[in-house]
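Next come the chains, spelled out residue by residue.
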Amino acid sequence: AQLLNDVAQGVQMTLTPDITRSWFDKAVRLRDETMRLAVAVEDVRDHRRWSPAIHEFDLRELEGQLRVTQVMAARVLSIASDLNHLITERPATGSSNELSPLARVFAAAAATIADQTTDSAASETSIHQALQAADDTASMVMLGGLVGHAQRITRLREVNEDETK
């Protein structure tokens, strides 16, 4: 969530390759951390028969949360990678006028990640409003992928909430 908030604030400024590279590096570390968590959860699953404190229900819930976290980390990495590639290849695109409409999209996705009780419908509405602003001011070909990743983060939270009910 913090990385997406940084991105949301950053796209309102003129971006440089150094800024987008630092986001990409943080996203890679986030993805790597989720991979370490996956290994730890697998170890818990393999050794649960020796620990009466590990219940199957809790383990399934933990695995579901891990899947959501892995997908969100992959989406954040894709966003950071796309922005890094865009700014590295076309530095003139890094102006705040072209990318600032994405700030609301990324902020909404960050809020969805950070708040376990976020109303997904409200987040979806915010994303749709931000998309309309982005459509007026920026190239949707480039922004489409970035916005799509942010929307998938919100939808993933909805799916996870439905599965846990």
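Whatever comes next refers back to the structure up there.
Cut-offs and rules
- Residues numbered from 1 in each chain as written.
- Predicted model: local features only at pLDDT ≥ 70, side-chain atom pairs only at ≥ 80, totals over all residues.
- Heavy atoms only, no water.
- Helix = DSSP H or I, 4+ residues; strand = E, 2+ residues; numbered from the N terminus.
- Buried < 20%, exposed > 50% of the residue type's maximum accessible area, 1.4 Å probe, protein only.
- Contact = heavy atoms within 4.5 Å.
- Areas by Shrake-Rupley, 256 points an atom, 1.4 Å probe, with all protein chains shown as cover.
- Axes fitted to C-alpha atoms, helices over the stretch in contact; angles between N-to-C directions.
- Parallel < 35°, antiparallel > 145°, perpendicular 65-115°, else oblique.
- Left-handed = near helix turned anticlockwise from the far one by under 90°.
- Nonpolar A, V, L, I, M, F, W, Y, C, P; charged D, E, K, R; others polar.
- Core = buried A, V, L, I, M, F, W, Y, C linked by side-chain atoms within 4.5 Å.
- Salt bridge = Lys/Arg side-chain N within 4 Å of Asp/Glu carboxyl O.
- Arc of directions from axis to C-beta.
- Polar contact = N/O pair within 3.5 Å; in protein donor to acceptor, adjacent residues only side chain to side chain.

K.L.:
Go over the overall build of the protein chain, please, and point to the residues and values.
P.N.:
The helix and strand inventory of the protein chain stands at 7 helices and 0 strands. Element order for the protein chain, N to C, with α for helix and β for strand: α-α-α-α-α-α-α. When each of the 165 residues of the protein chain is scored for burial, the buried share is 38%. Contacts in the protein chain between residues at least 24 apart in sequence constitute 75% of all its contacts with a sequence separation of at least 6. As displayed, the protein chain offers around 9000 Å² of accessible surface, 53% of which is attributable to carbon and sulfur atoms.

K.L.:
Outline the packing of helix H1 (residues 2–10) against helix H2 (residues 17–47), supporting the account with residue identities and numerical values.
P.N.:
Look at H1 against H2: their axes get within 11 Å of each other, and the N-to-C directions meet at 165 degrees. Of the possible angle classes, the one that applies to H1 and H2 is roughly antiparallel. Judged by the twist between their axes, the crossing of H1 over H2 is left-handed. In this structure, H1 uses Leu3, Asp6, Val7 and Gly10 to contact H2, whose residues at the interface are Trp23, Lys26 and Ala27. Taken together, the residues of the contact of H1 with H2 sort by class into 4 nonpolar, 1 polar and 2 charged.

K.L.:
Could you give an account of the nonpolar core, naming the residues involved and the relevant values?
P.N.:
Ranked by internal contacts, the top residues of the largest apolar core, which has 28 residues, are Leu4, Val7, Val11, Trp23, Leu83, Leu99 and Phe106. Broken down by secondary-structure element, the contributors of at least two residues to this core are H1, H2, helix H3 (56–89), helix H5 (102–114) and helix H7 (140–164). Counting residues per element, this core draws most heavily on H3, which supplies 9 residues.

K.L.:
For the pattern of salt bridges, give the residues involved together with the corresponding values.
P.N.:
Applying the stated rule across the entire model yields 7 salt bridges. Put simply, Asp32 and Arg31 hold a salt bridge, and the shortest N to O gap is 2.9 Å. According to the relative accessible area criterion, Asp32 is partly exposed, its value standing at 25%. A salt bridge links Glu63 to Arg45; its shortest N-O distance comes to 2.6 Å. Residue Glu63 is found in helix H3, and its partner Arg45 is found in helix H2; the two are separated by 18 residues along the sequence. Through salt bridges with shared partners, one network takes in Arg45, Glu56, Arg60 and Glu63.

K.L.:
Would you mind going over H1 in detail, with residue names and values included?
P.N.:
Within the sequence span of H1, burial applies to Leu3, Leu4, Val7, Ala8 and Gly10. When H1 is viewed along its axis, its buried side chains cluster within an angular range of 170 degrees and face the same direction. Set apart from the buried face of H1 by more than 90 degrees, the exposed residues are Gln2 and Gln9.

K.L.:
Can you lay out the side chain of Glu63 for me, pointing to particular residues and giving the numbers?
P.N.:
According to the relative accessible area criterion, Glu63 is buried, its value standing at 16%. There is a polar contact of 2.6 Å between the side chain of Glu63 and the side chain of Arg45. What Glu63 contacts, discounting residues up to four positions off in sequence, is Val41 and Arg45.

K.L.:
Lay out the side chain of Thr20 with the relevant residues and their values.
P.N.:
For Thr20, the position within the fold is in helix H2. Of the polar contacts made by the side chain of Thr20, one reaches the backbone oxygen of Pro17; its length is 3.2 Å. If we ignore the near neighbours within four places in the chain, the residues touching Thr20 are Leu15, Ala80, Leu83, Asn84 and Ile87.

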